[in-house]
Amino acid sequence: MIAGDASKPACLRFNVVFFGGLFLWTLVYLPVSFCLWFFFACAGRRRRAAIRKLVHFYGIVVCRILGSQAPVRVKNLARQFSGPCIVTPNHQSFFDPYCMGFFHLRDIAFAVRAWPFRIPLYGRVMRRAGYLDTSVLDAEGFAQKAGELLDEGAALIIFPEGTRSERGRMGRFHSGAFRMAMRFGVPVVPMCIDGSWRIFPKGSRLGRPASMRVSLLEPVWPGNFARYGNEAPLRLRRHVKCVIEKELAAQ
Amino acid sequence: MFAGLAERGMTDLEIIEKANAALAEEFELDPGRMRPEALFREDLDLDSLDAVDMVVVLEKSFGIRIGKDPAIAAIRSLGDLHRYILSKKSEMRHEG
């Protein structure tokens, strides 16, 4: 189903169920997650990691709400992998960060520009979880914080395009994520999102029912690129982009 | 090395075109936007991390070593970069 096929009643139902569900779920989960976080904190568990896992569970339910209204095909080729890594999704819509809820990596941390940190409540949770605000960190500061998150075992999510693409056409990849992977010796897990721009088009406040595909692809190990010397992050970047492009082109 | 390029008879224009082509390919830039007055940050959407990549690309394209030359930090536009490369070429020619 493509965006143009959705009738008005179908769009209305989609928006009522998705945004209504999102609102209700947030309302219910907020106090529950606070109690759980308090329990973990008192039990001496790592607070930041606990928040990140709670956020992941929040994302799982949001993905289920979307899945009830729009067909989502999920492919996971990284099922065998867990541990610190850098996940590099292409970026099509505001929904993309939630897509981690389709997969098994639970301790996830995002590197994002300033604006999500300004969303009431979300921003507060993001800071507490140790998410990275790329607009205030310089290169070295970013590397230090990223290293801390990876040391904690987190999967660091970096959108290499830096912004949402136009109508699903993938943009240029910046190399920050790949430099981090080379520096810390952690794998890059490419992630391909295809179709979320049709559900939540850029510039539109409302969504519409359409199909999408989400694929977590096989991890790419930076050690395989070390022989390229200072060109290694660029080679790694090109390789990962190529892998995502191939997945986008596949039916 | 640049001296080598000069010996092979590469003109200033050819060097500029080669630099533009290398940057356009690496950063997926529209060749139409690659005017000498184009600012890296504002017009070409290249940030400080991209500057690190740019050094790698130029070193590879021209077979030179730029490393952490402080002059790189002062480069703001494509024209600045062209002047930098041509000045390096000139330096190399005199040293050679």
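Draft legend 1. Fine view of the environment of Val72(A). All names here are of chain A. Residue position: Val72 is located in strand 1 (residues 72-76). For Val72, a count of 19 C-beta atoms within 10 Å translates into the label partly exposed. Taking the C-alpha atoms as reference points, Val72 and Arg48, separated by 24 residues in sequence, lie 30 Å from one another. Not counting residues within four places of it along the chain, the set of residues in contact with Val72 comprises Leu66, Gly67, Met212 and Val214.

Draft legend 2. Seen up close, the interface of chain A and chain B. Each partner contributes to the interface: chain A provides eight residues, whereas chain B provides eight residues. Per-class residue counts for the side of chain A that touches chain B are two nonpolar, four polar and two charged.

Draft legend 3. Highlighting the sheet that holds strand 6 (residues 188-194) of chain A. Residues and elements named next belong to chain A. Strands sit in the order 1-7-6-2-5-3-4 across an open sheet of seven strands; the sheet is mixed. Each edge of the open sheet is held by one strand with a lone partner, namely strand 1 and strand 4 (132-133). The sheet contact formed by strand 3 (residues 108-112) and strand 5 (residues 155-158) spans four bridges and is parallel. Residue Ile108 lies in a different strand from strand 5, and its bridge partner there is Ala155.

Conventions we followed
- Residues numbered from 1 in each chain as written.
- Chains lettered and ligands numbered in written order.
- Predicted model: local features only at pLDDT ≥ 70, side-chain atom pairs only at ≥ 80, totals over all residues.
- Helix = DSSP H or I, 4+ residues; strand = E, 2+ residues; numbered from the N terminus.
- Buried ≥ 20, exposed ≤ 12 C-beta atoms within 10 Å, placed from the backbone.
- Contact = placed C-beta atoms within 7 Å.
- Nonpolar A, V, L, I, M, F, W, Y, C, P; charged D, E, K, R; others polar.
- Pairing = 2+ DSSP bridges.

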